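# Architecture at a glance
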Amino acid sequence: MKKILLIGLKLGLICMVTSLSLGFVNVVTFPSIAKNKEIALQKALAIVNSTGTPGEEIFVNGDSVVKSYYPVKLNNGEINSYIITLIGEGYGGDLFLLANYEKSGKLIASVLMEHKETPGLGDSAERSFYHTKFIGKGDDTPIPTKKSELSVADADAIGGATITFLGVANALRYGSDYAKKIGEKK
Amino acid sequence: MIKELTKGVFKENAIFVMGIGLCPTLGVSTKVVNALGMGAGVIFVLICSNIMISLLKDFIPNKVRIPAYIVVIASFTAVVEMVMQAYTPGLFRTLGVFVPLIAVNCVIFARAEVFAGKHTILPSILDALGAGIGFTLGLLVIALIREVLGSGTITLFPLGSFEGVIDIPVLINSPVRIVGLSAGALFVIGFLQAFLNWYIAKKKEVK
């Protein structure tokens, strides 16, 4: 009994020391990590926004895809578009997207901010050319969510990373419908 | 003493001779820059965990040595993860899920169990360094072949006006896509292993 207790104590001590060390590293690195996230968000906002000045972030509760949105206003105060923060389901986990939509649901620009997709395959979704197949769609023409709705070249380009494509496309289409909904309300 | 360093690089190379650490090898070896980042992370965790385990070898009870090693290795991996996320966010984003997976890399666990748990600090550091360099070299060779043939590029770190990507003429427009996929990685590893076996056998014949 005494022997088992001693083994447990030793293991507990190792765990305690490593936890304290990790806590220290976390305290040191946390400000830089938070700063990097803020820089990434501002960069993404600058990429997708060409339509006006983004207002304050409005958080959405109880929606698994739309996390929040920013109404983009013109100089006269009129809302011109909505930048929506979306969460898609990718191959390696959640895909965090930022997309700017007109009130009609038409996609103006989108960018993949965070993901855990396979390097060299799914991670091509973070490149700007990946999003060209969705841009300009969402009002009369729906955002493509199937390979058959893409051109041959676009369908070939997503080969090997179909789940990533579905995650991005479904989130963008959901965002388009959401923009239409809030556009009609206001 | 120098034998402890060189054996991990050639004679006991983790990827080509021992066939361990193949999961991250398949996943990460799509770009040269990923191989460099992953290699640096593995070398850091290998050296730190070997030092710690070698120091604690008389303190850690034999019955719970495996969970104790896992705690030590996972902690150093978490350190690498946080430091990368804070100071090299671009590389952290690129390596993605493979950074936390360093904790379950068989190369690190094998060196802890086979070597660091039975030897003093200096040989353990040399063993870790040799095994880490061997793993990184293997990863680099595979990544170079896969990226050149599979994507027609060589991706390095951006530096000043250099964007970090070198385009390979002809291959950039018509790459051999299969080499970039996981199946392609298995082909490349298989061919490299076959070449190494042929080379070693030929060397023995000459002797």
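Refer to the structure printed above.
Description of the structure in this document. (Residues numbered from 1 in each chain as written. Chains lettered and ligands numbered in written order. Predicted model: local features only at pLDDT ≥ 70, side-chain atom pairs only at ≥ 80, totals over all residues. Heavy atoms only, no water.)

Below, the discussion takes up the pairing of strand S3 (residues 66-73) of chain A. All names here are of chain A. The buried fraction of S3 amounts to 6 of the 8 residues, a majority that puts the element mostly inside the structure. Where strand S1 (residues 53-54) meets S3, 2 bridges bridge the pair, whose relative direction is antiparallel. Residue pairing in the sheet places Thr-53 in a bridge with Lys-73 of S3. Pairing geometry for strand S2 (residues 58-59) and S3, over 2 bridges, is antiparallel. Counted as the bridge partner of Ile-58 is Tyr-69 from S3. Hairpin geometry of S2 and S3 is characterised by an intervening segment of 6 residues between the two adjacent antiparallel strands and by a positive phi of about 75° at Gly-62. (Buried < 20%, exposed > 50% of the residue type's maximum accessible area, 1.4 Å probe, protein only. Helix = DSSP H or I, 4+ residues; strand = E, 2+ residues; numbered from the N terminus. Pairing = 2+ DSSP bridges.)

Turning next to the pairing of strand S4 (residues 79-89) of chain A. All names here are of chain A. In terms of burial, S4 is largely enclosed, as 8 of its 11 residues are buried. Both S3 and S4 contribute to a ladder of 7 bridges, which runs antiparallel. For Tyr-70, the partnering residue across the bridge sits in S4 and is Ile-83. Hairpin connection from S3 to S4: 5 residues lie between these consecutive antiparallel strands, with Gly-77 at a positive phi of about 90°. Pairing of S4 with strand S5 (residues 94-102), which is carried by 9 bridges, proceeds in the antiparallel orientation. Considered in S5, the bridge of Ile-84 is made with Ala-99. Hairpin connection of S4 to S5: 4 residues between the antiparallel strands, including Gly-93 at a positive phi of 145°.

Much of the literature gives interface size as the accessible area that the parts lose upon coming together. At the interface, 22 residues of chain A touch 27 residues of chain B. Both faces combined, the contact of chain A with chain B buries some 2,300 Å², and carbon together with sulfur accounts for 73% of it. Scanning the region where chain A abuts chain B turns up 0 salt bridges. Our count for the chain A to chain B interface comes out at 3 residue pairs in polar contact (both at pLDDT 80 or more). (Contact = heavy atoms within 4.5 Å. Buried area = accessible area lost by both parts, 1.4 Å probe. Salt bridge = Lys/Arg side-chain N within 4 Å of Asp/Glu carboxyl O. Polar contact = N/O pair within 3.5 Å; in protein donor to acceptor, adjacent residues only side chain to side chain.)

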